[in-house]
Amino acid sequence: MFSPQGPSLRELVIQALSSVEHGYDLLAPKFEHTPFRTPDDVLDATAGALRPLGPFGRGLDVCCGTGAGMRVLGPLCRGRVTGVDFSAGMLEQARRAHPEARWVRADVRALPFTGSFDLAVSFGALGHFLPAERPALFAGVRRALRPGGLFAFPIGAPPPVTSPGYWTLLGFDLAMRVRNALWRPAFVMYYGTCRLSAVHDDLTAAGFAVTTVPLTALGRREDGGPRCRLVLARRT
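Keep in mind the model is a prediction, meaning the values are calculated, not measured. (Residues numbered from 1 in each chain as written. Predicted model: local features only at pLDDT ≥ 70, side-chain atom pairs only at ≥ 80, totals over all residues. Heavy atoms only, no water.)

Concerning the overall build of the chain
For the chain, the count of helices and strands is 8 helices and 7 strands. In summary, the chain has a C-alpha radius of gyration of 17 Å against a globular reference of 18 Å for 236 residues, a match within 12%. Structurally, the chain occupies a C-alpha span of about 45 × 45 × 35 Å along its principal axes. Scored against the burial criterion, the 236 residues of the chain give a buried share of 45%. For the chain, the centre of its 27 positive side-chain charges and the centre of its 19 negative side-chain charges are spaced 4 Å apart. (Helix = DSSP H or I, 4+ residues; strand = E, 2+ residues; numbered from the N terminus. Rg over C-alpha atoms; globule rule 2.2 N^0.38 Å. Buried < 20%, exposed > 50% of the residue type's maximum accessible area, 1.4 Å probe, protein only. Lys, Arg positive; Asp, Glu negative; His and termini not counted. Charge placed at Lys NZ, Arg CZ, Asp CG, Glu CD.)

See the structure below:
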């Protein structure tokens, strides 16, 4: 599936019927060969937008997966960079790819850090958290940052209702809701639960000052708006 090195359809079905943690443990060895891995153009656009705001000291990748975020943190941070994830399988792959970084297994809804980092990033992870779980996630990230520290992550603009992409994502979310209603353990992954306005409100409530910048390198929608924006949430 996706490439000769990627997971088979059978492997994807087994993963989809597992918990989030176990599913990613199973997917980890082939994760880099799936479209679920954050594309390099998104990582590079994020790094380009953050570069004028740096350099930074220590960096943290929240829900680091196999370590793709090191492409951003490595060049921007003068201090040591850390990745945190709750999938042991994903962390094993990240450790092999980036042995110079520190890797921590933890539930990011209860991050085990206090005032340790100057920059935190996250890529493609918000859909794994229900709206009711975001306050704990954002509070933990804020606690992990030093005063004035920055939490940054890209967030895509919703596709137009008339586009195939809109109906594809809506269909995926509906299928996931049916799956979770009928099968346990749940696998939380929804594309429609992390709109920018809701995320902005949750970050503000957690004690961040929030701005956004367009990632123009990723193109524009037909209406002229950016396809993707970078959320910049600074600990006040």
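Still more ground to cover, so stick around.
Looking at the environment of Val-210
Take Val-210: it is sitting in strand β6 (residues 208-214). Judged by relative accessible area, which is 16%, Val-210 ranks as buried. C-alpha of Val-210 to C-alpha of Val-199: the two residues are 11 residues apart in sequence and 9.9 Å apart in space. What Val-210 contacts, discounting residues up to four positions off in sequence, is His-200, Leu-203, Thr-204, Val-231, Leu-232 and Ala-233. (Contact = heavy atoms within 4.5 Å.)

Quick word on the packing of aromatic side chains
The final tally for this structure, using the stated rule, is 7 aromatic pairs. With centroids separated by 5.2 Å and ring planes inclined at 70°, the aromatic side chains of Phe-172 and Tyr-191 adopt a geometry described as edge-to-face. Linking Phe-172 in helix α7 (residues 164-182) with Tyr-191 in the loop between α7 and α8 (196-205), this pair joins segments that are 19 residues apart in sequence. Given a relative accessible area of 34%, Phe-172 falls into the partly exposed group. Between Arg-58 and the ring centre of Phe-117, over which it is positioned, the NZ or CZ distance is 5.3 Å. Its end group placed over the ring of Tyr-190, Arg-177 keeps NZ or CZ at 4.4 Å from the ring centre. (Phe/Tyr/Trp six-rings, centres within 6.5 Å; stacked < 30°, edge-to-face > 60°. Lys NZ or Arg CZ within 6 Å of the ring centre and 35° of its normal.)

Observations regarding the pattern of salt bridges
On inspection of all chains with the given rule, the structure shows 9 salt bridges. With a shortest N-O distance of 2.6 Å, Arg-37 and Asp-40 are connected by a salt bridge. According to the relative accessible area criterion, Arg-37 is buried, its value standing at 19%. As a salt-bridge pair, Asp-118 and Arg-146 come within 2.7 Å of each other at their nearest N and O atoms. (Salt bridge = Lys/Arg side-chain N within 4 Å of Asp/Glu carboxyl O.)

Here's the deal with the UniProt feature "domain: Methyltransferase" (unreviewed entry) in the chain
As recorded in UniProt, the sites labelled "domain: Methyltransferase" (unreviewed entry) are residues 60-149. The span residues 60-149 is 31% helix and 26% strand, and its two end C-alpha atoms sit 11 Å from each other. (UniProt positions renumbered as here; feature names shortened; annotations may be inferred.)

Describing the pairing of strand β5 (residues 145-156)
With 4 bridges connecting them, strand β4 (residues 117-122) and β5 associate as parallel partners. Note that in β5 the partner of Val-121 across the bridge is Ala-152. In terms of handedness, the path from β4 via helix α6 (residues 134-144) over to β5 forms a crossover that is right-handed. With 7 bridges connecting them, β5 and strand β7 (residues 228-235) associate as antiparallel partners. Each residue of the ladder has a partner; that of Phe-153, found in β7, is Val-231. (Pairing = 2+ DSSP bridges. Right-handed = clockwise from strand over helix to strand, strands pointing away.)

As for the environment of Pro-99
Structurally, the position occupied by Pro-99 is in the loop between α5 (88-97) and β3 (102-105). Given a relative accessible area of 62%, Pro-99 falls into the exposed group. Distance from Pro-99 to Gly-225, taken between C-alpha atoms, is 39 Å for residues 126 residues apart in sequence.

Concerning the sheet that holds β5
Read from one edge of the open sheet, 7 strands run β3-β2-β1-β4-β5-β7-β6, paired in mixed fashion. Both edges of this open sheet fall to β3 and β6, since each of them pairs with a single strand only. Each strand axis lies, on average, 20° off the axis of its neighbour in the sheet, ignoring direction. Relative to strand β2 (residues 81-85), strand β1 (residues 59-62) runs parallel, the two sharing 4 bridges. Each residue of the ladder has a partner; that of Val-62, found in β2, is Val-84. Docked against the sheet, α5 engages β2 and β3, running at close to 175° with respect to β3. (Axes fitted to C-alpha atoms, helices over the stretch in contact; angles between N-to-C directions.)

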